[in-house]
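Structure at a glance
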Amino acid sequence: MASSSLPYFLFSSFLFFISASYAAAATSFRPDALVIPVSKDASTLQYLTSIHQRTPLVPVKLVFDLGGQFLWVDCDRNYVSSSYRPARCRSAQCSLARASGCGECYSAPRPGCNNNTCAVWPDNTVTRTGTSGELASDVVSVESTDGSNPGRVVSVSKFIFSCGSTFLLEGLAGGAVGMAGLGRTKIGLPSQFASAFSFHRKFAICLSNSATANGVAFFGGGPYRLLPNIDASQSLIYTPLYINPVSTASAYSQGEPSAEYFIRVKSIKINEKAIKLNTSLLSIDNEGVGGTKISTVNPYTVLESSIYKAFTKAFISAAAAINITRAAAVAPFNVCFSSKNVYSTRVGPSVPSIDLVLQNESVYWRIFGANSMVYVSDKVLCLGFVDGGVNPRTSIVIGGKQLEDNLLQFDIATSKLGFSSSLLFRRTTCANFNFTSNP
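A short tour of the structure in this document, coming up. (Residues numbered from 1 in each chain as written. Predicted model: local features only at pLDDT ≥ 70, side-chain atom pairs only at ≥ 80, totals over all residues. Heavy atoms only, no water.)

1. Notes on the overall build of the protein chain
Cut-off, in case you're wondering: Secondary structure elements follow DSSP: runs of H or I of four or more residues count as helices, runs of E of two or more count as strands, with numbering from the N terminus. Throughout this description, buried means an accessible area under 20% of the type-specific maximum (1.4 Å probe, protein chains only), exposed means over 50%, and partly exposed covers the range between. Contact between two residues is taken to exist if any of their heavy atoms lie within 4.5 Å; hydrogens are not considered. Asp and Glu are treated as the negative residues and Lys and Arg as the positive ones, with His and the ends of the chain left uncounted. The atom standing in for a charge is NZ when the residue is Lys, CZ when it is Arg, CG when it is Asp and CD when it is Glu.
Each helix and strand counted, the protein chain has 6 helices and 33 strands in total. If you line up the protein chain on its principal axes, its C-alpha atoms span 65 × 50 × 40 Å. A total of 439 residues make up the protein chain; the buried ones form 56% of that total. Sequence-distant contacts in the protein chain: of pairs separated by 6 or more residues, those separated by 24 or more amount to 70%. Put simply, the protein chain has 36 plus and 26 minus side-chain charges, and the middle of one group is 4 Å from the middle of the other.

Spelled out as structure tokens, the structure:
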């Protein structure tokens, strides 16, 4: 695809495009929030969701990517829709998507292959593979919610997404035909849904630790009710979200910020005792290196090597102090223990607590055994953190295991994260959203 620069569009043209694109969504019924299920694939440990797309509508299984830039699907195979519309060069859609270039396709027209269209870079964030893909729009339908149950199905007639290629599906869970990107871009799922239905640019995720019971994601404000009638939005602790000035995608334009969600971890404590770290690694530098991000693509938290060594040393020492003994390592984990002196509690195995200290000493994300430990057999459990090596792009990547049964609310408009810590303390889990529809 030949490259060309796009002209500057005034903000008013963005507003005009948004209102025009979402005209079909502005019906007499306007939901306050939307809900989608989030499942866990036992084989890959990836999180999955399903939406309905196209005309006629078909269910589309997608890998759930918190920091992904946008929705992308494989258009090479079985993409049939009468409402598919490619984004024409220099259109408002292209500007919203920061899509550069204008290309031609030298095959018969089909979804993903049209002349005079702009392209973006759909990104498989599991394998770190990207390619050029046609920007387009099509119908997307999801369920509304009152925060307690699913409600009426609502549709966005011109939901912007990218066509990917079949080879991009490599490494994704079986049956997935793309990735649902919830990142902080103008065409990420949260921003498009908020624009379509005029609710706050806010969403929440609640990942289940079970491969047989769904977790949930909400678009819009609370309540977020889990059985037995617990509004998880009422117990949140807040910390600022930060923008990494340099994109973390596999391909990007100069000056493009990251779409991922970063927080500032100032220190780490084991059993309330701070460990010694190179604190410069905890900040994002001018080249976008360092800091802490939250990921649903990484199954376990990844720590830069020097942080990992200090962290595991302190954890092993604290575990020994309560007579928990070491066991042989089991990949991908380096630190494992015998379960002999480990007891079950409401919040998981009785192991040392881990605190991620945030903007001050009184604001911390506490991680208990249910989120820190992984049973690899009846007799062995391992610390569910992995060594990210020397000089990684991001020093701390908080992975899926550490997010499960925690409600996380991302307020994009105010750049703020609300987190609950373990919902097990409140005698509920992320699998407790009632997906039974209201009559």
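2. Structural notes on the packing of aromatic side chains
The line we're drawing: Planes of paired rings set the category: under 30 degrees apart is stacked, over 60 is edge-to-face and the rest tilted, where pairs are Phe, Tyr or Trp rings (Trp by its six-membered ring) whose centres lie within 6.5 Å.
Per the counting criterion, the structure on display carries 19 aromatic pairs. With a centroid separation of 4.8 Å and 75° between ring planes, the pair formed by Tyr-300 and Phe-333 is classed as edge-to-face. Of this pair, Tyr-300 sits in the loop between β20 (292-294) and β21 (301-303) while Phe-333 sits in the loop between β22 (326-327) and β23 (336-338), placing them 33 residues apart in sequence. In this structure, Tyr-300 and Phe-333 share a single accessibility class: buried. An aromatic cluster is defined as three or more aromatic residues linked by ring pairs; in this entry it consists of Phe-159, Phe-193, Phe-203, Phe-219, Tyr-261 and Phe-410.

3. Some words on the environment of Asn-271
You can see Asn-271 is positioned in the loop between β18 (267-270) and β19 (273-274). Sequence separation between Asn-271 and Phe-218 is 53 residues, and the spatial gap between their C-alpha atoms is 33 Å. Filtering out sequence-adjacent residues up to four positions away, Asn-271 remains in contact with Ala-318, Pro-352 and Ser-353.

4. Digging into the pattern of salt bridges
Definition in use: The term salt bridge refers to a pairing of a side-chain nitrogen on Lys or Arg with a carboxyl oxygen on Asp or Glu at a separation within 4 Å.
Scanning the entire structure with this criterion turns up 8 salt bridges. Note that Lys-202 is salt-bridged to Asp-411, the shortest N-O span being 3.8 Å. On the criterion of sequence distance, the pair formed by Lys-202 in strand β12 (residues 202-206) and Asp-411 in strand β32 (residues 406-411) is long-range, its members being 209 residues apart. Overall, Asp-411 belongs to the buried group, its relative accessible area being 9%. The salt bridge involving Glu-260 is made with Lys-293; its shortest N-O contact spans 2.9 Å. Separated by 33 residues along the polypeptide, Glu-260 in the loop between β16 (237-240) and β17 (261-263) and Lys-293 in strand β20 bring together distant segments of the chain. For Glu-260, a relative accessible area of 12% puts it in the buried group.

5. Some details on the state of the cysteines
Selection rule: To count as a disulfide, a pair of cysteine sulfur atoms needs to be within 2.5 Å.
Following the criterion strictly, the structure yields 6 disulfides and no others. Here Cys-89 is linked by a disulfide to Cys-102, with a sulfur-sulfur distance of 1.9 Å. As the torsion about the S-S bond is roughly 95°, the Cys-89-Cys-102 disulfide counts as right-handed. With a gap of 13 residues between them, Cys-89 in the loop between β5 (85-86) and α2 (92-96) and Cys-102 in the loop between α2 and β6 (119-120) connect regions that are remote in the sequence. Both residues of the pair, Cys-89 and Cys-102, count as buried. If you count the bonded cysteines of the protein chain from the N-terminus, they pair up as 1-8, 2-4, 3-7, 5-6, 9-12, 10-11.

6. Thoughts on the pairing of strand β29 (residues 380-383)
Our working rule: Being paired, for any two strands, means DSSP has found at least two bridges between them.
Where β23 lies against β29, 3 bridges are found, and the strand directions are antiparallel. Counted as the bridge partner of Cys-336 is Cys-382 from β29. With 3 bridges connecting them, strand β28 (residues 373-375) and β29 associate as antiparallel partners. Across the sheet, Val-374 pairs through a bridge with Cys-382, a residue of β29. Where β28 hands over to β29, the hairpin turn is made up of 4 residues, counted between the paired strands.

7. With respect to the sheet that holds β21
Test applied: To obtain an axis, a line is fitted to C-alpha atoms, over the contacting stretch when the element is a helix, and the angle between two such axes runs from 0 to 180 degrees between their N-to-C directions.
In space, the 5 strands of this open sheet follow the order β17-β20-β31-β21-β30, with mixed pairing throughout. In the strand order of this sheet, the two ends are held by β17 and β30 (385-387), each with one partner. Each strand axis lies, on average, 25° off the axis of its neighbour in the sheet, ignoring direction. Of the strand pairs in this sheet, β21 and β30 are connected by 3 bridges, and their pairing is parallel. Looking at the pairing, Leu-303 lines up with Asp-387 of β30. Helix α4 (residues 305-320) contacts β21, β30 and β31 (396-398) of the sheet and is inclined by roughly 135° relative to β30.

8. Remarks on the nonpolar core
Side chains of nonpolar character tend, in soluble globular proteins, to be buried together. Put simply, the test is: Here the nonpolar core consists of buried residues drawn from Ala, Val, Leu, Ile, Met, Phe, Trp, Tyr and Cys, with membership extended through side-chain atoms lying within 4.5 Å.
In this structure, Phe-193, Ile-268, Ile-294, Trp-365 and Phe-410 are the most contacted members of the largest nonpolar core, which totals 75 residues. Of all the elements, α4 adds the most residues to this core, at 6 residues. Each residue touching Phe-193, except ones within four places of it in the same chain, is listed here: Leu-34, Val-140, Val-142, Val-156, Phe-159, Phe-199 and Phe-219. One finds Leu-135, Leu-169, Leu-172 and Ala-176 within the second-largest nonpolar core, a separate group that totals 21 residues.

9. Some details on the sheet that holds β28
Each strand in a sheet pairs with its neighbour through backbone hydrogen bonds, running either in the same direction (parallel) or in the opposite one (antiparallel). One open sheet accounts for 4 strands, arranged β22-β23-β29-β28; its pairing is antiparallel. Each of the sheet's edge strands pairs with one partner strand only, and the pair in question is β22 and β28.

Any link to function would need more than the numbers given here.
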